[in-house]
Amino acid sequence: MLQSLGIVYMLTSTWVTVAVAAGFAVVYFSVRALSRASRQVDRIFEEELDRQ
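Because the structure is predicted, anything quoted here is derived from the model rather than measured. (Residues numbered from 1 in each chain as written. Predicted model: local features only at pLDDT ≥ 70, side-chain atom pairs only at ≥ 80, totals over all residues. Heavy atoms only, no water.)

### Re the overall build of the protein
Keep this limit in mind: Helix and strand labels come from DSSP, where a helix needs a run of H or I of at least four residues and a strand needs a run of E of at least two; each type is numbered from the N terminus. Throughout, the radius of gyration refers to the C-alpha atoms, and the reference size of a globule is 2.2 Å times the residue count to the power 0.38. His is not counted here, nor are the chain ends, while Lys and Arg score as positive and Asp and Glu score as negative. By convention, the charge on Lys lies at NZ, on Arg at CZ, on Asp at CG and on Glu at CD.
Per the secondary structure count, the protein includes two helices and zero strands. In terms of overall size, the protein is more extended than a compact globule, its C-alpha atoms giving a radius of gyration of 22 Å where 52 residues would be expected to give roughly 10 Å. If you line up the protein on its principal axes, its C-alpha atoms span 70 × 15 × 5 Å. For the protein, the separation between the mean place of its 5 positive charges and that of its 5 negative charges on side chains is 12 Å.

Okay, structure coming up:
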């Protein structure tokens, strides 16, 4: 019974919520930055290949 209450407390804890939200934010901004970098690399390759 106490273990169940402990698990419920951990899942509803503010710190766990903040940590999960921070994790999602890091993943979101990382994917966004990598996507932007990928587009820039594609554009650079396209420009360089057009010159040849």
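Let us keep going from here.
### Overview of the packing of aromatic side chains
Aromatic ring pairs are described here by two measures, namely the spacing of the ring centres and the angle between the planes. The criterion, for reference: Aromatic rings from Phe, Tyr and Trp, taking only the six-membered ring of Trp, are treated as a pair when their centres fall within 6.5 Å; an angle between ring planes under 30 degrees marks them as stacked, one over 60 as edge-to-face, and anything in between as tilted.
Under the defined criterion, the tally for this structure stands at one aromatic pair. When the ring of tyrosine 28 is compared with that of phenylalanine 29, the centres are 5.1 Å apart and the planes differ by 70°; the resulting orientation is edge-to-face.

### Here's the deal with a nonpolar patch on the surface
Cut-off, in case you're wondering: What goes into a patch is any residue over 30% in relative accessible area without a salt bridge, connected to like charges within 9 Å or, for nonpolar side chains (Val, Leu, Ile, Met, Phe, Trp, Tyr), within 5 Å. Note that accessible areas follow from Shrake-Rupley with a 1.4 Å probe, and for residues the cover is restricted to the protein chains shown. Put simply, a salt bridge is a Lys or Arg side-chain nitrogen that is within 4 Å of an Asp or Glu carboxyl oxygen.
Nonpolar side chains collect at one region of the surface, where Met1, Leu2 and Leu5 lie side by side and expose about 420 Å² of accessible area between them. Examined against the element boundaries, leucine 5 turns out to sit in helix H1 (residues 2–12).

### Quick look at the environment of tyrosine 28
Checked against the element boundaries, tyrosine 28 lands in helix H2 (residues 14–51). It is 20 Å that separates the C-alpha atoms of tyrosine 28 and tryptophan 15, two residues lying 13 residues apart in sequence.

### A short note on a negative patch on the surface
Judged by side-chain charge, Asp42, Glu46, Glu47 and Asp50 come together as a negatively charged surface patch. Counting through the fold element by element, glutamate 46 comes out in helix H2.

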